[in-house]
Amino acid sequence: MNLALVRFIPTDTDFPFIKMRVGAFVVSLALMLASAAAFFGMGLNFGIDFRGGTLIEIQTEGPADLGAIRSELGTLGLGDVQVQEFGAEDAVLIRVETLDQAGGQAVFEQAQAQGLALPESRVRDGVEDDEAAQQVVREVIQARLDSAFENIDYRRVEVVGPQVSGELVVAGTTAVVVALFLMLVYIWFRFEWQYSVGAVLALVHDVVATIGFFAITQLEFNLSTIAAILTIVGYSMNDTVVVYDRIREKFRKYKTRPTPEVLNMAINKTLSRTILTSGTTLVAIVAMAVIGGPALQGFALALIWGVAIGTYSSIFVAAPLLTLTGVKRESGEEGDNALVDNAP
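Computed from a prediction, not measured in an experiment: that's the story for all the values here.

Student: Can you break down the layout of surface pockets residue by residue, with the values?
Tutor: Of the volumes computed, that of the largest pocket is approximately 570 Å³. Together, 29 residues line the largest pocket, and F86, R95, E220, N222 and P294 are the ones closest to its centre. Elements with a contribution of two residues or more to the lining of the largest pocket: β1 (45-46), α2 (48-51), β3 (81-85), β4 (91-96), β5 (153-160), α9 (223-253) and α11 (294-318). The biggest single contributor to the lining of the largest pocket is α11, with six residues. For the lining of the largest pocket, the residue count by class is 11 nonpolar, 11 polar and seven charged. Considering the residues around the second largest pocket, the lining is formed by 19 residues, among which F39, L44, T173, I211 and F221 are closest to the centre.

Pasting the structure below:
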């Protein structure tokens, strides 16, 4: 029984992608400007990884009484405390802003005045520095909740100090910049510099659009988001390399045809492969977003957006940019023919 549904996707399309490049460039430019405006105007909803502070996920015995939890925590002098339901009626996420040593000391003294049971080491050492202040917040919250409610299950506790959060910001930004630079070098060696410029501009387009997506939606931007962006960079580059390989093959085969015609032919030849790859990837990511729970939702939504925008850029940005970078028709080595011939 033949169930090759992929045959319903035509492989001999002739869409005029290159003729639409001016409109696509306008759309991409508008998207990047809107993303930049959202980033500088609205900012990102940084998670605890980058902002620092304390995050505690708890599970209550029955449906959580959010009002009672807020009321109990409000007596501790913790400053900005966010209490919200987290995917289920009995799951609660508690976020507390970063406190310095003085703030931590005030919370510590407040807890002692209320008679909360703190660890002996904390009672002995007090609040020595800013890092210790975040630990005090965690200990005080746990002591307060344990005294007020029964059978609290602490499913996740994350404490990030201000110094660590600053280091994570630098590390995350460096990872994205280094990835883009290495992609530039790889494509330069693999093809020619004209290809590498087009590929990297398309990747920058994808990264900026993804950051704009997070600025507009105000989804939490954390280390998982950085991982999603790096995944998007790799995915988009894979799509672009497949299209570039086919372009080089067509340049060798049709030496006298105009460059725009050859580019259009190569994009159409890889279109079915691009659709199938994106479609199967999205099936897995959508399943992750739907059944993966709140902890994976931000990561999955970033990937869904990234796969969509990466597919768009490989067709409407990376290949059409070659008409502007002056790509050489004779670029490439004969030894690459085997790889090209095996490409979809």
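Student: Which residues make up the packing of aromatic side chains, and what values go with them?
Tutor: Inspection of every chain in the model, using the stated rule, returns 11 aromatic pairs. Residues F214 and F221 carry aromatic rings whose centres are separated by 5.7 Å and whose planes lie at 90° to one another, so their mutual orientation is edge-to-face. Here F214 and F221 have matching classes, each one buried. Relative to F316, the ring of Y312 lies with its centre 5.2 Å away and its plane at 25°, an arrangement referred to as stacked. You can see Y312 and its partner F316 sitting in helix α11, four residues apart, about one turn around the helix.

Student: Just give me the short version of a negative patch on the surface, but keep the residues and values in it.
Tutor: Judged by side-chain charge, D100, E128, D129, D130, E131 and E167 come together as a negatively charged surface patch. Following the sequence through the fold, D130 ends up in helix α6 (residues 130-148).

Student: Account for the pairing of β3, naming residues and giving values.
Tutor: Taken together, the five bridges between β3 and β4 define a ladder with antiparallel strand orientation. The residue of β4 that forms the bridge with Q84 is L93. Counted along the chain from β3 to the antiparallel partner β4, the turn is five residues long, and its residue G87 has a positive phi close to 85°.

Student: Which residues make up the sheet that holds β5, and what values go with them?
Tutor: Pairing is antiparallel in the open sheet, where four strands are placed in the order β3-β4-β2-β5. The two strands at the open ends of the sheet, each matched to only one other strand, are β3 and β5. Averaged over all adjacent pairs, the angle separating strand axes in this sheet is 10°, with direction ignored. One ladder, built from seven bridges, connects strand β2 (residues 53-59) with β5; its direction is antiparallel.

Student: How would you sum up the pattern of salt bridges? Please name residues and give values.
Tutor: Side chains bearing opposite charge may pair, as long as their charged atoms lie close to each other. Within the structure shown, the criterion is met by 11 salt bridges. Salt-bridge contacts for R156 lead to E158; the nearest nitrogen and oxygen are separated by 3.1 Å. By relative accessible area, R156 is classed as partly exposed at 26%. The closest approach of N and O atoms between R190 and D245, which form a salt bridge, is 3.4 Å. Taken together, the residues R190 in helix α7 (residues 162-190) and D245 in helix α9 connect sequence positions 55 residues apart. There is no split in this pair, since R190 and D245 are both buried. Each of the salt bridges in this network shares a partner with another, and the network as a whole consists of E57, R155, R156 and E158.

About the cut-offs
Residues numbered from 1 in each chain as written. Predicted model: local features only at pLDDT ≥ 70, side-chain atom pairs only at ≥ 80, totals over all residues. Heavy atoms only, no water. 1 Å grid on protein atoms, 1.4 Å probe; cavity = no way out; pocket = protein on both sides within 12 Å on 5 of 7 lines; lining within 4 Å. Points joined across faces, edges and corners; volume = space filled by probe spheres on them. Helix = DSSP H or I, 4+ residues; strand = E, 2+ residues; numbered from the N terminus. Nonpolar A, V, L, I, M, F, W, Y, C, P; charged D, E, K, R; others polar. Phe/Tyr/Trp six-rings, centres within 6.5 Å; stacked < 30°, edge-to-face > 60°. Buried < 20%, exposed > 50% of the residue type's maximum accessible area, 1.4 Å probe, protein only. Patch = residues over 30% accessible without salt bridge, like charges linked within 9 Å, V, L, I, M, F, W, Y side chains within 5 Å. Areas by Shrake-Rupley, 256 points an atom, 1.4 Å probe, with all protein chains shown as cover. Salt bridge = Lys/Arg side-chain N within 4 Å of Asp/Glu carboxyl O. Lys, Arg positive; Asp, Glu negative; His and termini not counted. Charge placed at Lys NZ, Arg CZ, Asp CG, Glu CD. Pairing = 2+ DSSP bridges. Axes fitted to C-alpha atoms, helices over the stretch in contact; angles between N-to-C directions.

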